[in-house]
Amino acid sequence: MRFQDFKSLEERLELMTELSGRFLTRAAKVDEEGSFPFENIADLKETGYTSLTLPKKVGGEGISLYELVRLQECIATGDGPTALSIGWHMGIIQDLGEKNSWKESMFEMICNEVKEGALINNCASEPQTGSPTRGGKPTTSAVKEGDYWIVNGRKTFTTMSPVLDYFNVTATIQESGEVGYFLIPRSTPGVEIQETWDSIAMKGTGSHDLVLTNVKISEEYLVEWFEPGNKGSSGWLLHIPACYLGIAQAAQSYAINFAKDYSPNSIKGSIIDIPTVQQKIGEMELELMKARHFLYSVTKQWDQSNEVERNQMKPELGAVKLAVTNAAIKIVDLAMRVVGARSLSLKNPLQRYYRDVRAGLHNPPMDDMTIMLLAKNAIGNR
Ligand SMILES: Cc1cc2nc3c(=O)[nH]c(=O)nc-3n(C[C@H](O)[C@H](O)[C@H](O)COP(=O)(O)OP(=O)(O)OC[C@H]3O[C@@H](n4cnc5c(N)ncnc54)[C@H](O)[C@@H]3O)c2cc1C
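Below: a short report on this structure. (Residues numbered from 1 in each chain as written. Predicted model: local features only at pLDDT ≥ 70, side-chain atom pairs only at ≥ 80, totals over all residues. Heavy atoms only, no water.)

1. Quick look at the packing of helix α3 (residues 65–78) against helix α4 (residues 80–99)
Piece 1. Axis separation between α3 and α4 bottoms out at 7 Å; the angle between their running directions is 160°. Classified by the angle their axes make, α3 and α4 are roughly antiparallel. Handedness of the crossing formed by α3 with α4: right-handed. Of the residues in α4, those in contact with L65, L68, Q72, I75, A76 and G78 of α3 are G80, T82, A83, I86, G87, M90, G91 and Q94.
Piece 2. Of the residues belonging to the contact of α3 with α4, the class tally is seven nonpolar, seven polar and no charged. (Axes fitted to C-alpha atoms, helices over the stretch in contact; angles between N-to-C directions. Helix = DSSP H or I, 4+ residues; strand = E, 2+ residues; numbered from the N terminus. Parallel < 35°, antiparallel > 145°, perpendicular 65-115°, else oblique. Left-handed = near helix turned anticlockwise from the far one by under 90°. Contact = heavy atoms within 4.5 Å. Nonpolar A, V, L, I, M, F, W, Y, C, P; charged D, E, K, R; others polar.)

2. A short note on helix α6 (residues 239–261)
Piece 1. Taking 1.5 Å as the rise per residue, α6 with 23 residues should run 33 Å; its terminal C-alpha atoms sit 33 Å apart, in good agreement.
Piece 2. Burial analysis of α6 places 17 of its 23 residues in the buried class, which makes it a mostly covered element. (Expected span 1.5 Å × (residues − 1). Buried < 20%, exposed > 50% of the residue type's maximum accessible area, 1.4 Å probe, protein only.)

3. Structural notes on the site of the ligand
Piece 1. Taken together, 18 residues form the shell around the ligand, and within it N121, S125, S131, T159 and H362 come nearest.
Piece 2. S125 places a polar side-chain atom, nitrogen or oxygen, 2.7 Å from an oxygen atom of the ligand.
Piece 3. Interatomic distance of 3.2 Å between a side-chain N/O atom of R134 and an oxygen atom of the ligand.
Piece 4. Alone, the ligand offers 960 Å² of accessible surface; in the complex the protein occludes 64% of this.
Piece 5. A per-element tally of the shell around the ligand places strand β1 (residues 120–123) first, with three residues.
Piece 6. Structurally, the shell around the ligand is a two-domain feature, drawing no fewer than three residues from each of domain 2 (122–225) and domain 3 (235–381). (Near = heavy atom within 4 Å. Polar contact = N/O pair within 3.5 Å; in protein donor to acceptor, adjacent residues only side chain to side chain. Areas by Shrake-Rupley, 256 points an atom, 1.4 Å probe, with all protein chains shown as cover. Domains from an automatic or database assignment.)

By themselves, these figures tell us nothing about what the structure is for.
Structure below.
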C-alpha cells in the first residue's frame, strides 16, 4: 500500500498509524543500541511517503504543511527519531518546491532523485558556529577551481547521516566571503561520516559529523545563497514541534494505559480512579489540546497565505515551536508522575520520551531568540 493510492488525509493517517505502530515495536532496541532506524526509513520509502511533498508541477502530490505536520506527528507517536529525521527531508523538499530558490535544472534533478527514493538534509551546524540560526559564519570553505568548487570542512549534527543521499552544506566562499548552500552527493570522493553522535536524546537520528576533504563538485551544485542568521519565515520547520507533540501524545497514552492496569493492593480497582491521577491526566490533555490547536491553526494559516503574508509569520512560527516543545516536556513529566518510579526503568518507554523531548529545546528556533522576536514585535506594534 502506498500513500499515493489515497487522496484524503484521513486515509493517509490510517496508513501512517499502521507504520507508526511498527516503529514503536522497534524504538527501544534502536535507542538501547544507539543505532539507526534503517527499517523505518525503508518502510517510509517503500510506501511512497518520502516523495509526498514533491510539488504537483513535477508530478508529485504537493501535500500541504497541515497534512505534513499531521503525518509527522503520527510518525513520532511511534518513534520520535524517525519523525525528526524524515521531517528534515520532507520539509526541505516542500520548501524548495514553494520558494523556487534553486535553478530549475537542479531542482528537477533532485525531484527525479527523490522520486527514486533519494533523501536530503541541510548540514549547517558546526562546532565553531553553534546553532546557525544565531548568525555564525560557516568555517566550511568553498574555493572555485575552473568549473568546480572544492569544499572542505566539518559539519556536526548531520541528522539521518547513515542514509542520506544528498548533503546540502553551508560553506563560505573563500574569495568573496559570501555563504552558499552546496549540494553534495554522498558518492563524491572526500565525503566521510564520522560516527560521533553520542547524545542521550534522539539517539536514533544518526546525527553524526560529516567531514568533507577536498570534495570536488561541479559549479551548478552551488544551489542557493544564504545569509547567516537570516533564515526568513520557514513554515516547513513546523515538522519539529509536530515531532515533539507526537512524543508527548505517546507518553500520555502510555500513562493512561498504565493507570488503567496498575492495581496496587492498597486500593480497590486501579489507580485510574484516583483523583490526583485524573488531575494529571486532565492537565496533560489540556496541554495537548492547546498545543494541537496552536500548531494546526498556524499551519493552516501558512497554507492559506501568500508569499508576503508568509514572510510576516516568523513570530507565530517561533511561538508555536516554543509553546509546543515546552508543552511536550511538561506532558512527559506529568506522564512520568502518573506512572511513578517505574517510569525511570530502562525497560520503560517514558524514560526514552523524557530524554527525547529535551532535544526539542536545541532545534531551531531557540526559545530565547523567539522571546526576543516576540518582544520586539510587541514593542514595535504599540
Ligand atoms: C536532535 C538534533 C538534530 C539536529 N539536526 C540537525 C541537522 O540535521 N542539521 C543541522 O544543521 N543541525 C542540526 N541540529 C543542530 C541544531 O540546529 C543546533 O545547531 C545545535 O543543537 C546547537 O544548538 P545550541 O543552541 O546548543 O548551540 P549554541 O548556539 O552553541 O548555544 C549554546 C549556548 O550558548 C548560547 N549562545 C551561543 N551563541 C549565542 C549568541 N550568539 N547569542 C546568545 N546566546 C548564545 C545559547 O543560548 C546556548 O545556551 C540538530 C540538533 C539536535 C539536538
